[in-house]
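Spelled out from the first residue to the last, the chains are:
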Amino acid sequence: MAKFQDIIGQEQIRGHLQTALKTRRISHAYIINGDRNAGKEFIAKIFSMALQCEKGGEEPCQECHSCKQALSGNHPDIIRLVHEKPNTIGVEDIRTQINQDIGIKPYQGPYKVYLINEGEKMTVQAQNALLKTLEEPPEYGVILILTSSVETLLPTILSRCVVLNMRPVLDQQVKKYLMETLQIPDYKAEVCTAFARGNIGRAKLLASSEEFENVREEAVTLLKYINEMEISEIVTAIKKITEYQFDVTDYLDILSIWYRDILMFKAMNDANHLIFKQEIQYIKKVADRSSYEGIEQVLNALEKAKSRLAANVSFDLTMELLLLTIKENS
C-alpha cells in the first residue's frame, strides 16, 4: 500500500500535495529536499500515483488500473530518469529522457510525471538543459526533482519549482513506527531511533540490519572493557570495524550515544532516559569514576575524530588518538 497517511512526520509536505490534488492546482515542477533514506522516493511515488489515479481524489485509490500499474512500477506515464554514470546526471540524460520525450502526450493518464532521483548529481549543463523544459512545460508535464542537497541546484531551477523541505521526524514518532508497524522490540527501537536522528528510512534500515546489530555489540563490548585493555588490543578491536561495510561515522555515533548516556546518568542518576539502559551497571560504573570534564573531553574528541576522517586524515592515527582520550577518561 502507498497512501499519504503512510508518510510519517512530514505533515507540511503531505498537506501541500493533498491540497494541490484537491484543488487540482498542480505545479509543473517540485523539488523534494531531504536526507538520504528520509523517504523522498516514497512521497514522490504516492504523489505520482495520486496524479494518475482514475478516481482523481486526494489519495491514490490503490485499486484502479492506473494505481496498480504505478504500484508495480510499470505506469507508462510515470517516467524515472536513469543515468549510466553512477555519480553524474549528464546533459544527454536530460535531453533524451525528458526534453525530447515531454512533447509526446501522455499515453493514458492525465499527466506525464518525470522523477529525477539524486537531483544533486545533475551537472550544470544538465540543469541548464532542464531549465528549457521548466520555462515552457506542457500542461500535462510534472517534474519531480528529489535531492539531498538543494544548494547544488541552480537558482534559476529553484525559482521555477515548488521547493518542499523534509523535516526531521520526532523521535517518539520514529519509535512508535518501529514498534507498531515493524514489530521491533522496545530496546532495539530506542537505539535505532537515537541513531536515525529523525530519518525514518534510516531507522528502518538500522532496525533490519544485522550488521548494525553486530557493530553495536562490538562497540559496546569495547567501551565496557576499554579501561582494562592494552593499547594493542584496542587497536585490534578498531581494525575490526573496517571489516564491516559500515560507515565509520555511524560507529563513532555509537560511542557518542554511550558517553551521552554516561553524562545524563551522572547528572540525573536516572536510567529511564538512557538509550543503553540495558547496560546500566557499566554506565553507572563509568559515570561514578569519570569527571564531567573527562566525559566532555571524550565527546569533543569524538566530534574531532569525525572532522579528521571527513578531511581524509589517516584512519589508524585518528582512531588511536580518539581511543587514548577515551582510555584516559574511562
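Residues numbered from 1 in each chain as written. Predicted model: local features only at pLDDT ≥ 70, side-chain atom pairs only at ≥ 80, totals over all residues. Heavy atoms only, no water.

**Quick word on the overall build of the protein**
Working step 1: A count of helical and extended segments in the protein gives 15 helices and five strands.
Working step 2: Along the first, second and third principal axes, the C-alpha atoms of the protein reach 70 × 40 × 30 Å.
Working step 3: Burial statistics for the protein: of 330 residues in total, 50% are counted as buried.
Working step 4: Relative to all contacts within the protein whose residues are 6 or more apart in sequence, the contacts with residues 24 or more apart total 71%.
Working step 5: Accessible surface for the protein amounts to roughly 16,700 Å². Of this, 49% is attributable to carbon and sulfur atoms. (Helix = DSSP H or I, 4+ residues; strand = E, 2+ residues; numbered from the N terminus. Buried < 20%, exposed > 50% of the residue type's maximum accessible area, 1.4 Å probe, protein only. Contact = heavy atoms within 4.5 Å. Areas by Shrake-Rupley, 256 points an atom, 1.4 Å probe, with all protein chains shown as cover.)

**Quick word on the packing of helix α12 (residues 248–268) against helix α14 (residues 292–310)**
Working step 1: Remark: α12 packs on α14, axes separated minimally by 10 Å, with the N-to-C direction vectors making an angle of 165°. Compared by their axis directions, α12 and α14 come out roughly antiparallel. In the crossing of α12 with α14, the sense of the turn from one axis to the other is left-handed. Only Tyr292, Ile295, Glu296, Val298, Leu299, Leu302, Glu303, Ala305, Lys306 and Leu309 of α14 make contact with α12, whose side of the interface consists of Val248, Thr249, Leu252, Asp253, Leu255, Ser256, Tyr259, Arg260, Ile262, Leu263, Lys266 and Ala267. (Axes fitted to C-alpha atoms, helices over the stretch in contact; angles between N-to-C directions. Parallel < 35°, antiparallel > 145°, perpendicular 65-115°, else oblique. Left-handed = near helix turned anticlockwise from the far one by under 90°.)

**Quick look at the pattern of salt bridges**
Working step 1: Evaluated as defined, the whole model comprises 14 salt bridges.
Working step 2: Lys176 is the partner of Glu180 in a salt bridge, and the nearest nitrogen-oxygen pair spans 3.9 Å. Residue Glu180 and its partner Lys176 are located together in helix α7 (residues 171–180), separated by four residues, close to a single helical turn.
Working step 3: Across the salt bridge formed by Glu279 and Lys224, the nearest N and O atoms sit 3.1 Å from each other. One end of the pair, Glu279, is in the loop between α12 and α13 (280–289); the other, Lys224, is in helix α10 (residues 210–225), with 55 residues separating them in the sequence.
Working step 4: Assessed through its relative accessible area of 15%, Glu279 is described here as buried. (Salt bridge = Lys/Arg side-chain N within 4 Å of Asp/Glu carboxyl O.)

**Quick word on α10**
Working step 1: Here α10 is 16 residues long and its end C-alpha atoms lie 23 Å apart, about the 22 Å a rise of 1.5 Å per residue gives.
Working step 2: Buried residues of α10: Phe212, Glu213, Val215, Arg216, Ala219, Val220, Leu222, Leu223 and Lys224, and no others. (Expected span 1.5 Å × (residues − 1).)

**Examining the sheet that holds strand β2 (residues 78–80)**
Working step 1: Read across the open sheet, the five strands follow the order β2-β3-β4-β1-β5; overall the sheet is parallel. In the strand order of this sheet, the two ends are held by β2 and β5 (162–165), each with one partner. Averaged over all pairs of adjacent strands, the angle between strand axes in this sheet comes to 20°, irrespective of strand direction.
Working step 2: For β2 and strand β3 (residues 112–116), the ladder comprises three bridges, and the chain directions are parallel. The residue of β3 that forms the bridge with Arg80 is Leu115.
Working step 3: Packing of helix α1 (residues 11–23) onto the sheet brings it into contact with β1 (29–33) and β5, and relative to β5 it is tilted by some 145°.
Working step 4: In this fold helix α4 (residues 91–99) packs onto β2, β3 and β4 (141–147), with an angle of close to 160° to the strand it touches most, β3. (Pairing = 2+ DSSP bridges.)

**Some points on the nonpolar core**
Working step 1: Formed by 57 residues in total, the largest nonpolar core has its most connected members in Leu178, Tyr251, Leu255, Trp258, Tyr259 and Leu322.
Working step 2: Looking at this core element by element, the count peaks at eleven residues for α12.
Working step 3: Those residues in contact with Trp258 that sit more than four places away from it in its chain are Val220, Leu223, Lys224, Phe276, Glu279, Tyr282 and Ile283.
Working step 4: Residues Ile26, Ile43, Ala44 and Leu115 belong to the second largest nonpolar core, which totals 32 residues. (Core = buried A, V, L, I, M, F, W, Y, C linked by side-chain atoms within 4.5 Å.)

**Topic: unusual backbone geometry**
In terms of backbone geometry, most residues other than glycine have negative phi values and most peptide bonds are trans.
Working step 1: Look at Asn37: it is not a glycine, yet its phi comes out positive at around 70°.
Working step 2: Assignment of secondary structure puts Asn37 in the loop between β1 and α2 (40–52).
Working step 3: Residue Asn37 is classed as partly exposed on the basis of its relative accessible area, which comes to 33%.

**A closer look at the packing of α14 against helix α15 (residues 315–328)**
Working step 1: Where α14 contacts α15, the axes come no closer than 9 Å and their chain directions differ by 175°. Taken as axis vectors, α14 and α15 run roughly antiparallel relative to one another. Between α14 and α15, the residues in contact are Gln297, Val298, Ala301, Leu302, Ala305, Arg308 and Leu309 and Phe315, Thr318, Met319, Leu321, Leu322, Thr325 and Ile326, respectively.
Working step 2: Considering only residue class, the contact of α14 with α15 consists of ten nonpolar, three polar and one charged. (Nonpolar A, V, L, I, M, F, W, Y, C, P; charged D, E, K, R; others polar.)

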